[in-house]
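Understanding the architecture of this molecule
This is what each chain is made of:
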Amino acid sequence: MERDVNQALAREFGLNAEEYQRVLTIMGRTPSFTEFGVFSVMWSEHCSYKSSRVWLKQLPTKAPWVIHGPGENAGVVAIGDGLAAIFKMESHNHPSFIEPYQGAATGVGGILRDVFTMGARPIANLNALRFGNPNNPRTRRIVDGVVRGIGGYGNCVGVPTVGGEINFHPAYDGNPLVNAMTVGIAPVDRIFLSAAAGLGNPVVYVGSKTGRDGIHGATMASAEFDANSEEKRPTVQVGDPFTEKLLIEACLELMATDAIVAIQDMGAAGLTSSSVEMAGKGGVGIELNLDNVPAREIGMTAYEFMLSESQERMLMVLRPDREDVARAIFDKWDLDFAIIGHITDTGRITVRHQGEIKADIPLAPLNDQAPLYTRPTLETSKKEALNPARIEDRVGLTGALRTLIACPDLCSRAWVWDQYDSTVGGQTVKRPGAADAAVVKLEGLKRALALTTDCTPRYCLADPEAGGMQAVAEAWRNLTAVGARPLAITDNMNFGNPEKPEIMGQFAAAIRGMAAACEALDFPVVSGNVSLYNETEGRGILPTPAIGGLGVLEDAAQAVGISLAPWLDIVVVGATKGWLGQSLWLREIGGREDGAPPPVDLTVERANGDFVRSRILSGEIRACHDVADGGILVAIAEMAMESGTGARLSAHPRDIPGHAFWFGEDQGRYIVAVPDHASFIRAAEAAGIPTMKLGTSGGGDLTLPDGGTISVESLRADHQRFFKAWMDGDAAENRS
Amino acid sequence: MKATVTVMLKNGVLDPQGKAIAHALGTLGFDNVNDVRAGKVIELDLNETDAGKAKAQAEDMARKLLANGVIESFRVVVE
Amino acid sequence: MKAGIVVFPGINRERDMAIALELSTGVKPRMVWHKETDLSGLDLVVIPGGFSFGDYLRCGAMAARSPVMAAIHDHAARGGYILGVCNGFQILTEAGLLPGALLRNAGLRFLSMDANLRVERADTVFTRQYQKGQVFRSVMAHGDGNFFADTATLDRLDGEGLVAFRYADDNLNGSARAIAGVFSPNLRILGMMPHPEDMVDPLMGCTDGKPLFDALAAA
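Thresholds applied
- Here the residue index of a chain counts from 1 through its sequence in written order.
- Lettering of chains starts at A and numbering of ligands starts at 1, both following the order in which they are written.
- Only residues with pLDDT of 70 or above have their local features reported here, since the model is predicted, and side-chain atom pairs are shown and tallied only from 80 upward, although totals for entire chains, interfaces and linings are computed over all residues.
- Side-chain metrics in this entry use all non-hydrogen atoms of the structure; hydrogen atoms and water are not considered.
- Working definition: helices are DSSP H or I runs of at least four residues, strands are E runs of at least two. Numbering for both runs from the N terminus.
- What the globule rule says is 2.2 Å times the number of residues to the power 0.38, and the radius of gyration is computed from C-alpha atoms.
- Only protein chains enter the accessibility calculation, which uses a 1.4 Å probe; a residue whose area is less than 20% of its type maximum is buried, one above 50% is exposed, and one in between is partly exposed.
- Here, residues are in contact when the closest pair of their heavy atoms is within 4.5 Å.
- Areas reported here follow the Shrake-Rupley algorithm with a probe of radius 1.4 Å; residue values treat only the protein chains shown as occluding.
- Under the counting rule used here, the positive set is Lys and Arg, the negative set is Asp and Glu, and His together with the chain ends is not counted.
- Each charge is placed at NZ for Lys, CZ for Arg, CG for Asp and CD for Glu.
- Here, strands pair whenever DSSP counts at least two bridges between them.
- All axes are obtained by fitting lines to C-alpha atoms, using only the stretch in contact for helices, and the reported angles, taken between N-to-C directions, cover 0 to 180 degrees.
- Accessible area that two parts lose when put together, with a 1.4 Å probe and added across both, is what the buried area reports.
- Counting of polar contacts relies on pairs of N or O atoms within 3.5 Å, with two restrictions inside protein: one atom must be capable of donating a hydrogen and the other of accepting it, and residues adjacent in sequence are counted only when both atoms are side-chain atoms.
- Asp, Glu, Lys and Arg are counted as charged, while Ala, Val, Leu, Ile, Met, Phe, Trp, Tyr, Cys and Pro are counted as nonpolar; the rest, among them Gly, fall into the polar class.
- Any carboxyl oxygen of Asp or Glu within 4 Å of a side-chain nitrogen of Lys or Arg constitutes a salt bridge here.
- Classification of ring pairs uses Phe, Tyr and Trp, with its six-membered ring standing for Trp, and accepts pairs whose centres are within 6.5 Å; under 30 degrees between planes counts as stacked, over 60 as edge-to-face, and the remaining range as tilted.
- Think of it as a cone above the ring: NZ of Lys or CZ of Arg counts as a charge over the ring if it is within 6 Å of the ring centre and within 35 degrees of the ring normal.

Take the overall build of chain B next. Along chain B, the regular secondary structure elements total 2 helices and 3 strands. Listed N to C, the secondary structure of chain B is β-α-β-α-β in terms of helices and strands. A compact globule built from 79 residues would reach a C-alpha radius of gyration of about 12 Å, whereas chain B, at 16 Å, exceeds it by more than 25%. Dimensions of chain B, computed from C-alpha atoms along their principal axes, come out at roughly 45 × 25 × 15 Å. Taking all 79 residues of chain B together, 34% fall into the buried category. Residue pairs at least 24 apart in sequence account for 71% of intrachain contacts in chain B once pairs closer than 6 positions are excluded. Accessible surface computed for chain B: about 4,900 Å², of which carbon and sulfur atoms make up 51%. Placing the 10 positive and 11 negative side-chain charges of chain B at their respective mean positions leaves the two points 5 Å apart.

Laid out in structure tokens, this is it:
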């Protein structure tokens, strides 16, 4: 059904009056319904980055090891042995709220395609998840669906899910965040790009058939939710991981030949964005005949074909003499293979359907004249740094520790990880929870990758610049803590409505902080994704610039985890001042989210990290854990729970109240376990790195400096209680 | 003709999905549910006009693939 | 020992299996596509884990009716060795080469974690490098590992010593009599849910699965 194109339809499709006028000017006439559909999705926030582009340009994207930065389907970095790591993180927030299982599953499917479309075999998945208040009954249903969806898709395609993070906060009640990251490996000289070339070359469609699913998903991802959002359910796509697995194998098989000129997955805005981007990047034209597109439903219109977001589909430009080679491979894998068009020199996209030209749009203005906004920004006002001496401790160390390690944000995530296949592939050296970063070895080599996702949204709300900086620094720190050399990041910027100056101010400040950290740590951004309008009825999420970090280890055997072995000295690296502002102790024990978040000193960060890494690689450090949420004592408890070995802690810092010392969240710190603290501390002093001995490992109890003693077993029981009770307890049966 | 094959777990085979559904219904206040069994329905569009033959074909398909006789029973309805 | 790994569409642990076999035998196994029909020359046929045909309909149902299965039945009839792990185990039961069936896990959730297995007999070509009663670590990763058979079949398996492994600690998937793996009556076919192939390299935390492949390599 075609509708009249006018101002009213423009509004419905998410284009404002000025944008609509621009379409009319480019076309020199009123566009057809199909043409207007193409404009509306290409110019949606999701595809055009119209609010964020001016800011994203500030991020450092270059380093000697960067092969392709932002602009391709995923970022590409050289990792040695002639190999490249190809990786990206992408959000599927809105679909996951409407239909958690399929939303999360297709999020995993989409990011996998972004990576293997560049020639990489995917070797690891991670995911950064934020959910609403656990006491909200809907949160449990969403967590259950999202976890099942991630597992359902990732387990089936046979890519191990090795890491990620989960936070809870009421600000995500109406807008959970599902950010999925995939990492793949390819030879550096076999990277595939999307720029189309070659007059007359065939344009080939492969994968699943096209149905009406997901039409206008990209515009949905660019709008706020309201009370009627549940009715948007029909536009959610359904994932088929089995077909995706076949698509991975078939594409990799074809990529081993010389048949492919260009390739791109059909993600958001499906055939529209893939064909427009491929032709646009190549500076050529493209002609499509929709009669040849494999269809799952009958009677589909040109508009529906162009905007469908059916999953598990790819678009390729082939060398004309290699069609048969390609067809044979896709036949072998029982996947659809259809020539649906060819490359032209017109600089236009021309779409034919049933003997008519349904769309004919000049590509250059469609791409170059896409709206670009420098929206007004309002800076978040700075919060006061809290004086720890003025914050009373009514609970003591033992009680606070037990509360913290049991709270939703710090409790064991094993219930979640146990539903993800983390070992398929046989290369997972450090599984979820075993180390600060996941470590995945490269098949047949000693080399390994370290992978992590990080962000502390409560810091970002209190001070977006410090929070953005901290997110990058923490990713760098987590890679360092396993012994890896951090190489690059992918970012997933999740924010509220960019038309509000305070939200745009958060975005701009977060970018500023991230850029500074990337610069100081030689840790460039090579890919990313922006998700805006994460608001429901005017209430926005916490600003959440999720960072996916990648590092490399020359030898997987050098990787260390957090597991605490007996009879080692426990030392904290980095200075402790007892920063309680925005700490979990303050929130969970003190009952308030208050104060400035801990600042990151990037020079200190780098010095501390470089020192720790060198001591891991020399074999001196046997276990290492960065100090993050919950501070020193939570970090040590986590190390003890991982191994079952306890510790006796004896440090008595002067000048800092005990609760601030043990639970403060000062940045740039690591807990390390070493055989001999004296020689370790001497080396640190020589390098100008502050350290302090905290105690010694051994036994089955954690003995605190105030004399309190907790068995590691009972800590574990507290730590593991929340998810099981919440999800599998008697109250949790309302799901199937 | 259309043949509908209903595949159910045999009596005596534990059906955790059915149990979970029963429990969920209970928590929603449906307290008169004695038992729930979950199975699957497979609809076949057959190129066949004779109902008897269609049924025989569908039953053959059920025996050979659609149901696993170790754990499942099936029922065919042709219309 | 000449080994071949059968690859159905959707299988995803064939690479893990190839690594484990090569490590023990010193030779790369032959990868056999599911449309092939000739398995001559193979001593051992391995069906690895994954989601053949997406696990749609029932796990292993469609793979068990693939073209290659006739050759696998012939191989079994010749007395050839067959190892089916995870989805491979499901396929072997669906094909009638092993008794029972694998139902959804009792908790209705996918289970991905280490599992300790107790060796029930150590006088088979698969298990002779373990001791009877020995407990070894393996990895499980499945949504449908709940072994089911009727009581008569279970009694026969127990009575004839055809249970290969049992879960030594928690029987999380709810398997009948905690059965994790079974043999065919001639002890030449083994099906098991957990993955010994992911426990052959100390870097992955443990090598408890390696004796199974070493034993096969020496056969």
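Having seen the model, we can carry on.
Here the focus is the overall build of chain C. On a plain count of helices and strands, chain C comes out with 5 helices and 11 strands. Its C-alpha radius of gyration of 15 Å places chain C within 12% of the 17 Å reference for a compact globule of 219 residues. Its C-alpha atoms give chain C principal-axis dimensions of about 40 × 35 × 35 Å. Going through the 219 residues of chain C one by one, you find that 65% of them count as buried. Counted over contacts in chain C with a minimum sequence separation of 6, partners at least 24 positions apart contribute 72%. Summed over all atoms, the accessible surface of chain C reaches about 7,100 Å², with 51% contributed by carbon and sulfur. Each charge class in chain C can be summarised by its mean position, and for the 21 positive and 24 negative side chains these summaries are 2 Å apart.

Another aspect to go through is the sheet that holds strand β23 (residues 623-626) of chain A. Residue and element names in this part refer to chain A. If you trace the 7 strands from one edge of the open sheet to the other, you get β23-β25-β22-β26-β24-β27-β28, paired in mixed fashion. Each having just a single partner strand, β23 and β28 (709-711) make up the two edges of the open sheet. Geometrically, the sheet is characterised by an average inter-axis angle of 20° between neighbouring strands, direction not taken into account. Pairing of strand β22 (residues 569-573) with strand β25 (residues 670-674) involves 5 bridges; the strand directions are antiparallel. Each bridged residue has a counterpart across the sheet, and for aspartate 569 the counterpart in β25 is valine 674. With respect to the sheet, helix α25 (residues 712-728) is in contact with β27 (701-703) and β28, its orientation differing from that of β28 by roughly 70°.

The subject of this paragraph is the interface of chain B and chain C. With 17 residues of chain B at the interface, the matching set in chain C holds 14 residues. Summed over both partners, the interface of chain B with chain C comes to about 1,200 Å²; 67% of that surface belongs to carbon and sulfur atoms. For the interface between chain B and chain C, the tally reads 6 residue pairs in polar contact (both at pLDDT 80 or more). When residues of the side of chain B that touches chain C are traced back to their parent elements, those giving at least two are α1 (16-27), β2 (39-45) and α2 (51-66) of chain B. Looking at the side of chain B that touches chain C residue by residue, the classes come out as 11 nonpolar, 3 polar and 3 charged.

For the rest of this paragraph, the subject is the pattern of salt bridges. Any two side chains of opposite charge can pair, on the condition that their charged atoms come close. By the definition in use, this model includes 74 salt bridges over all chains. A salt bridge links lysine 50 of chain A to glutamate 19 of chain A; its shortest N-O distance comes to 3.2 Å. Taken together, the positions of lysine 50 of chain A in the loop between α4 (45-48) and α5 (53-56) and glutamate 19 of chain A in helix α2 (residues 17-27) put the pair 31 residues apart, joining distant regions of the chain. For the pair shown, lysine 50 of chain A and glutamate 19 of chain A are each scored as buried. Between lysine 2 of chain B and aspartate 45 of chain B there is a salt bridge, and its shortest N-O distance comes to 3.8 Å. Taken together, the positions of lysine 2 of chain B in strand β1 (residues 2-9) and aspartate 45 of chain B in strand β2 put the pair 43 residues apart, joining distant regions of the chain. Residue class for lysine 2 of chain B comes out partly exposed when judged on its relative accessible area of 42%.

This brings us to the interface of chain A and chain C. Counting residues at the interface gives 38 residues for chain A and 30 residues for chain C. Surface buried jointly by chain A and chain C totals about 2,600 Å² across both partners, of which 51% is contributed by carbon and sulfur atoms. Area buried by chain A at its contact with chain C is led by Phe242, Asp418 and Arg431 of chain A, which between them contribute 20% of it. Joining chain A to chain C, the criterion identifies 6 salt bridges. Across the salt bridge formed by glutamate 443 of chain A and arginine 15 of chain C, the nearest N and O atoms sit 3.2 Å from each other. Taken together, the connections running from chain A to chain C amount to 15 residue pairs in polar contact (both at pLDDT 80 or more). Contributions of two or more residues to the side of chain A that touches chain C are made by α8 (137-157), α10 (241-255), α13 (323-332), α16 (414-417), β14 (428-430) and α25 of chain A. Each residue belonging to the side of chain A that touches chain C can be placed in one class, and the counts come to 14 nonpolar, 9 polar and 15 charged.

Residue and element names in this part refer to chain A. Overall, the coordinates contain 26 aromatic pairs over all chains when judged by the stated rule. Ring centres of phenylalanine 131 and phenylalanine 168 lie 6.1 Å apart, and the angle between their planes is 40°; this geometry places the pair in the tilted category. Taken together, the positions of phenylalanine 131 in strand β4 (residues 121-131) and phenylalanine 168 in strand β5 (residues 161-168) put the pair 37 residues apart, joining distant regions of the chain. Comparing phenylalanine 131 with phenylalanine 168 shows no difference in burial state: the two are buried. When the centroid spacing of 5.0 Å and the interplanar angle of 85° are considered together, the rings of phenylalanine 661 and tryptophan 662 count as edge-to-face. On the basis of relative accessibility, which here comes to 2%, the residue phenylalanine 661 falls in the buried class. Three or more aromatic residues link up through ring pairs in this structure, and these residues are Phe131, Phe168, Trp415, Phe722, Phe723 and Trp726. It is arginine 485 that lies over the ring of tryptophan 65; its NZ or CZ is 6.0 Å from the centre.

All names here are of chain A. Structurally, glutamine 667 is set in the loop between α23 (658-663) and β25. For glutamine 667, the side chain forms a polar contact with the side chain of arginine 477, separated by 2.8 Å. Sequence-distant contacts of glutamine 667, that is, excluding residues within four places in its chain, are made with Tyr459, Gln470, Arg477, Pro598, Pro599 and Val600.

Residue and element names in this part refer to chain A. Running from N to C, helix α15 (residues 396-406) and α25 cross one another at 40°; their axes reach a closest spacing of 7 Å. Of α25, the residues touching α15 (which contributes Leu401, Arg402, Ile405 and Ala406) are Ser714, Leu715, Asp718, His719 and Phe722. A breakdown of the residues in the contact of α15 with α25 according to their chemical character gives 5 nonpolar, 2 polar and 2 charged.

Moving on to the environment of glutamate 356 of chain A. All names here are of chain A. In this structure, glutamate 356 sits in strand β13 (residues 356-362). Given a relative accessible area of 45%, glutamate 356 falls into the partly exposed group. Along the chain, glutamate 356 and asparagine 289 lie 67 residues apart, while their C-alpha atoms are 9.6 Å from each other.

Before going further, it helps to examine the pairing of strand β9 (residues 285-289) of chain A. Residues and elements named next belong to chain A. Counting buried residues along β9, 4 of its 5 residues qualify, which places the element largely inside the surrounding structure. The sheet contact formed by β9 and strand β11 (residues 336-344) spans 4 bridges and is antiparallel. Within β11, the residue paired with glycine 285 across the bridge is threonine 344. The sheet contact formed by β9 and strand β12 (residues 348-353) spans 4 bridges and is parallel. Residue pairing across strands places isoleucine 286 opposite isoleucine 349, the latter belonging to β12.

Residue and element names in this part refer to chain A. By secondary structure assignment, the location of histidine 659 is in helix α23. For histidine 659, a relative accessible area of 7% translates into the label buried. At 2.7 Å, the side chain of histidine 659 forms a polar contact with the backbone oxygen of isoleucine 391.

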